[in-house]
Amino acid sequence: MSYGAPPPGSGGYGGPPGGYGPPGQGPGGYGPPPAGSYGQPPPPYGLVYGTSIVKYSEKSRGTAFLLSLFLGWCGADRFYTGQTGLGVLKLLTCGGVGLWWTIDMILFALGAVKDSESLPLAPPQVVEGTPTVNGGHVLLAGVLAGSWGVDRFLLGQTGLGILKLLTCGGLGIWHIVDLILVATGNLRDARGNSLRWD
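Residues numbered from 1 in each chain as written. Predicted model: local features only at pLDDT ≥ 70, side-chain atom pairs only at ≥ 80, totals over all residues. Heavy atoms only, no water.

As for the layout of surface pockets
Summary: where empty space remains is shown by rolling a probe the size of a single water molecule over the atoms. A volume near 180 Å³ is recorded for the largest pocket. For the largest pocket, the full set of lining residues is Val54, Tyr56, Arg61, Leu110, Gly111, Pro120, Leu121, Pro123, Trp197 and Asp198. In this structure, the second largest pocket spans a volume of roughly 150 Å³. Taken together, Pro123, Pro124, Gln125, Val126, Val127, Pro131, Leu195, Arg196 and Trp197 form the lining of the second largest pocket. (1 Å grid on protein atoms, 1.4 Å probe; cavity = no way out; pocket = protein on both sides within 12 Å on 5 of 7 lines; lining within 4 Å. Points joined across faces, edges and corners; volume = space filled by probe spheres on them.)

Okay, structure coming up:
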């Protein structure tokens, strides 16, 4: 069986064309790819696209909140976060006659205050189960309406919420204890999960 005549010209098909040498050697080689030609590298293990690693302050969000709750009128919370000027001003004005003190408690509860290096304060590191309830929201509910049990209702603990409502937050004691438990990451939702701090 024959496939036809060889191509015209002397030497048949000839040798392979040039340019297929080892990468990076001489003309026609592949060489390194241009910088940035492959786009972003894949994210590190465990990360999802669109998220980033957050660098937290060495200062604790829970400690800052508790300082704001108990000693915020004299600026202890701002001294703790390294904001000395604001601390002195808060001290001289007795927490802005109470208004600044209240606003700072809300800001610390929500994690909106950063340290002197503009780093977010470190949230509680305790993680149990699958956290779904936002700890900042529970802390804010505790500050604003903890005596009426709103924080316990947010946690799905209806019975405890009603009991806290009927006792006016255990005459204030239960209210304070719950704020401490939430701020330190030691309060759980109705299913036993820790709180989410994002």
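With respect to the packing of aromatic side chains
Two measures describe an aromatic ring pair: the distance that separates the ring centres and the angle between the ring planes. Here the structure, examined in full by the defined rule, presents zero aromatic pairs. A cation over a ring is seen here: lysine 59 above tyrosine 80, with NZ or CZ 5.1 Å from the ring centre. (Phe/Tyr/Trp six-rings, centres within 6.5 Å; stacked < 30°, edge-to-face > 60°. Lys NZ or Arg CZ within 6 Å of the ring centre and 35° of its normal.)

Here's the deal with the environment of glycine 161
For glycine 161, the position within the fold is in helix H8 (residues 158-166). With a relative accessible area of 0%, glycine 161 lands in the buried category. It is 6.5 Å that separates the C-alpha atoms of glycine 161 and valine 150, two residues lying eleven residues apart in sequence. Each residue touching glycine 161, except ones within four places of it in the same chain, is listed here: Trp148, Gly149, Arg152 and Phe153. (Helix = DSSP H or I, 4+ residues; strand = E, 2+ residues; numbered from the N terminus. Buried < 20%, exposed > 50% of the residue type's maximum accessible area, 1.4 Å probe, protein only. Contact = heavy atoms within 4.5 Å.)

Looking at the side chain of asparagine 193
Mapped onto the fold, asparagine 193 is located in the segment after helix H10 (173-183). For asparagine 193, the side chain forms a polar contact with the main-chain nitrogen of threonine 130, separated by 3.0 Å. In this structure asparagine 193 touches Glu128, Gly129, Thr130, Pro131 and Arg188, once residues within four positions along its chain are discounted. (Polar contact = N/O pair within 3.5 Å; in protein donor to acceptor, adjacent residues only side chain to side chain.)

Let's talk about a nonpolar patch on the surface
Nonpolar side chains collect at one region of the surface, where Trp148, Val150, Phe153, Leu154, Ile162, Leu165 and Leu166 lie side by side and expose about 650 Å² of accessible area between them. Elements supplying a minimum of two residues to the nonpolar patch: helix H7 (150-154) and H8. Note on placement: phenylalanine 153 falls in helix H7. Phenylalanine 153 gets classed as partly exposed once you look at its relative accessible area, which sits at 35%. (Patch = residues over 30% accessible without salt bridge, like charges linked within 9 Å, V, L, I, M, F, W, Y side chains within 5 Å. Areas by Shrake-Rupley, 256 points an atom, 1.4 Å probe, with all protein chains shown as cover. Salt bridge = Lys/Arg side-chain N within 4 Å of Asp/Glu carboxyl O.)

Let's talk about unusual backbone geometry
Of note in this structure, cysteine 94 is not a glycine but carries a positive phi near 50°. Topologically, cysteine 94 is positioned in helix H4 (residues 94-97). A relative accessible area of 46% means that cysteine 94 is categorised as partly exposed. Notably, cysteine 168 is not glycine yet its phi reads approximately 55°, a positive angle.

Description of the environment of tryptophan 174
Tracing the backbone shows tryptophan 174 in helix H10. Those residues in contact with tryptophan 174 that lie beyond four places of it in its chain are Arg152, Leu160, Leu163, Lys164, Thr167 and Gly169.

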